[in-house]
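One-letter residues, chain by chain:
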Amino acid sequence: MYRYDEFDAKIVADRVAQFRGQVARRVEGDITEDEFKPLRLMNGVYLQLHAYMLRVAIPYGTLNAAQLRKLAFIARTYDKNFGHITTRQNIQFNWPALTDIPDILDHLAEVEMHAIQTSGNCIRNVTSDQFAGAGADELEDPRPWCEIIRQWSTFHPEFSFLPRKFKIAVTAAPQDRAAVRVHDIGLHMKKNADGETGFEVLVGGGLGRTPYIGQVIREFLPKDQLLSYLEAILRVYNSLGRRDNIYKARIKILVNELGAEAFRDMVEAEWAVMDKARIDLPGDEIERIHAYFAAPDFENDPDTGDFDSAQGADKGFARWVRHNVRAHKQKGYASVTLSLKPTTMAPGDITSEQMELVADIAQTHCFDEVRTTHEQNLVLPHVRKADLYAIYQKLAPYGLGSSNAGLVSDIIACPGLDYCNLANTRSIPLAQRIQKRFEDLDRQENIGELKIKISGCINACGHHHVGHIGILGVDKKGEEFYQVTLGGSAAEDASIGEIVGRGLSTDEVVDAIESLISFYLDRRSDGERFVDTYRRLGPDPFKEALYVA
Amino acid sequence: MLLKLENETLARVNAEAAHEIPEFGVWQAQTPRGSAVRIANDINLAAEEFDPAGLELIVLDFPKYKDGRAYTQARTLRERYGFTGDIRASGDVLRDQVLFMARCGFTSFELADGVLARSGGVEGFEKSLKDFDLFYQPAVKGTALWRLRGLSGASLTERDADRRVVAAG
Ligand code: SF4
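Residues numbered from 1 in each chain as written. Chains lettered and ligands numbered in written order. Predicted model: local features only at pLDDT ≥ 70, side-chain atom pairs only at ≥ 80, totals over all residues. Heavy atoms only, no water.

As annotated in an unreviewed UniProt entry, chain B carries the name DUF934 domain-containing protein and is attributed to Aquisalinus flavus.

You'll find chain A entered in an unreviewed UniProt entry as Sulfite reductase, with Aquisalinus flavus given as the organism.

Right, dumping it as structure tokens:
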């Protein structure tokens, strides 16, 4: 993974010092709350329903053991002993005191971490495939490019006061696990006819109240011209993006008002007159950054030990292997999803003790690497198959052994009314009720891949638009209601879910989900996932099933 | 109240206030054109045929400090149109944005009443101007870090001296 040199370290230290000064000036009253707000937001500090929240950046979801231990320490010392993994692969702490935050930032800086640009109308933490560098299906590791984008976008002087927040995701596998089609800019690494790798560039995807799937504005961008092209896109957006209405300020609205072609022409015109050589990185810097992401020292075809026999002897382990363990590009290795979706905690929450356990395992068994996922889980990217059973046995007592990756109980839920001052409804308790209803693991396994995503309001932080089943909280005369959408997807087959029927009360909603699923089970043909059956049959029969409930 | 950036320091200067300077449309109609113009931030300079010849001062506007269009305008003026005169930031100009402004090519800052007093004076602004001295990306001002990294083998202090050479060159 990337390691700071003295320059990176100095920039982060300077940022902490700057923020410490800004907090002091705010406390003195020299800065108004209105002026302070974007300053704190650009450093990840939100004001929530009950307290300040600090969102810490985990660039493209890659962490080492020392960093995870530091996060555990922060959770224990400054919070209520847990952190929350977000849908942008970051971690947030819900209960720090404002005046402690500069100290927390100092602790983070010790392990090369920060909270820079995790919020605010700037370029946010760039996200990627959680199996980057490990997946058997990828072209190459996309993370060096994520790091290049991270550095370029950090304190970008021209793009720190954009019309609205700006999110970039990069993936390099045909199966899109980074949801690049629902980002402001999605970069999908592909090969051209000459066999060179470059980027397919999509713009204008996004969720929120007006969801859009991103549109391709360039089929193939040579890798070494990435930064100048990004700069051209951002420049057009900064000049022309709407600022009169916060709900129309995202780039998706601009792209759709202008049309993707007109937008692309403007970008290309800007790009054509730009001094690209000044902006794009030279080859030796690109190589320098790539060197940090060299593959770990894998053993050549290591013995798989008790991997096969343990699956025969321990059904729970076999199930975990079926759902949470996936193929690795290196023979004898696998990648593992550690589910943060037991029924006992909010989706994505992780305690200090759990973080420390994962840090130990990563250090001993996984080349000191851990990943966070946009589905709010953790991943151990490179584990020898021979070590898997031992790891599984360590996880279970800590509540990290759930075998539900990708299944009905692996729910994405926004913080909702328990934390968020914009919420109409609670999200976490609903997620837990659905998880309880489908607690039986055989039943979950029979249902197969099913992505349920819950947002407590139209801002769509829980990505309900792209859930196979999406659930949106609405307010009806002061009562909590839930609107169901069906058929969404954030993957390479990205689509926006369709609203089916009227809103459901808190009492009705879990039954309704169950009857949708029963209908699917009745009508599916071989190998079809829920979303496939929905796409084949269309919304009407599902709508009926919903009302039967 | 106007602060002018010269040789890395800010000095108070007296000058015409922004509102006395002709707007873009008025200036375009002038014959001969005057040496100063005020450009609203919804004018997309990329779409204009703009010739800065004869201009000494361009005033750009931040109606609210959160509205960042003038950053792009300033860079476009410097990098695309080669403007070398004074670019002044006017409107909601605050201490915490002054480094971003300077990096995009602004060279003077017109402050609203009372701003300087609650910003620690000129020194406060100068301090914010020096919050960072290393930058990840190129802009009008400030060398990109990757260029410094390219100066092989040097330590932070050694490269500090080199950086000025690179910046000047
Ligand atoms: S979707 Fe709405 S309720 Fe949920 S976190 Fe976002 S703003 Fe809050």
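Details of the domain arrangement of chain B
Residues and elements named next belong to chain B. Selection criterion: Domains are outlined according to an automatic or database domain assignment. Note on contacts: a residue pair qualifies if any of its non-hydrogen atoms lie within 4.5 Å across the two residues. Two parts placed together each lose some accessible area under a 1.4 Å probe, and adding up what both lose gives the buried area. The term salt bridge refers to a side-chain nitrogen of Lys or Arg lying within 4 Å of a carboxyl oxygen of Asp or Glu.
Under the domain assignment used here, chain B contains domain 1 (2–131) and domain 2 (133–169). The partner domain 2 presents 8 residues to the 10 residues of domain 1 that form the contact. Taken as a group, Glu8, Arg75 and Arg103 account for 63% of the area that domain 1 buries against domain 2, more than any other trio of residues on that side. Along the contact surface separating domain 1 from domain 2 lie 1 salt bridge. Put simply, Lys141 and Glu8 hold a salt bridge, and the shortest N to O gap is 3.4 Å.

A closer look at the UniProt feature "domain: Nitrite/sulphite reductase 4Fe-4S" (unreviewed entry) in chain A
Put simply, the rule is: UniProt positions are given in the numbering used here, feature names are shortened, and annotations may be inferred rather than shown by experiment. Put simply, DSSP marks the helices as runs of H or I at least four residues long and the strands as runs of E at least two long, and each gets a number from the N terminus on.
Per the UniProt record, "domain: Nitrite/sulphite reductase 4Fe-4S" (unreviewed entry) is found at residues 119–272 and 409–546 of chain A. Between the end C-alpha atoms of residues 119–272 of chain A the distance is 31 Å, and the span holds 31% helix and 18% strand.

Points about the nonpolar core
Rule in force here: Nonpolar cores were defined as sets of buried Ala, Val, Leu, Ile, Met, Phe, Trp, Tyr and Cys residues, with membership established by side-chain atoms within 4.5 Å. Classification of residues uses two cut-offs on accessible area relative to the type maximum, computed with a 1.4 Å probe and protein chains only: under 20% is buried, over 50% is exposed, and between them is partly exposed.
Judged by nonpolar contacts, the single largest core of 58 residues is most densely connected at Leu71, Phe317, Trp320, Leu380 and Leu388 of chain A. By residue number, the principal contributor to this core is helix H3 (residues 65–78) of chain A, which donates 7 residues. Inspection of this core shows a minimum of three residues originating in each of domain 1 (6–110) and domain 3 (307–398) of chain A. Not counting residues up to four positions away in its chain, the partners in contact with Phe317 of chain A are Phe307, Ala310, Gln311, Leu388, Tyr389 and Tyr392 of chain A. Core analysis: the next-biggest nonpolar cluster, separate from the first, contains 52 residues, Cys122 of chain A together with Ile58, Ala70 and Phe100 of chain B among them.

What to know about unusual backbone geometry
Residues and elements named next belong to chain B. Residue Pro32 follows Thr31 across a cis peptide bond; omega there is -15°. Along the polypeptide, Pro32 turns up in the loop between helix H1 (24–29) and strand S3 (36–39). Look at Glu8: it is not a glycine, yet its phi comes out positive at around 65°. Along the chain, Glu8 falls in the loop between strand S1 (2–6) and strand S2 (9–13).

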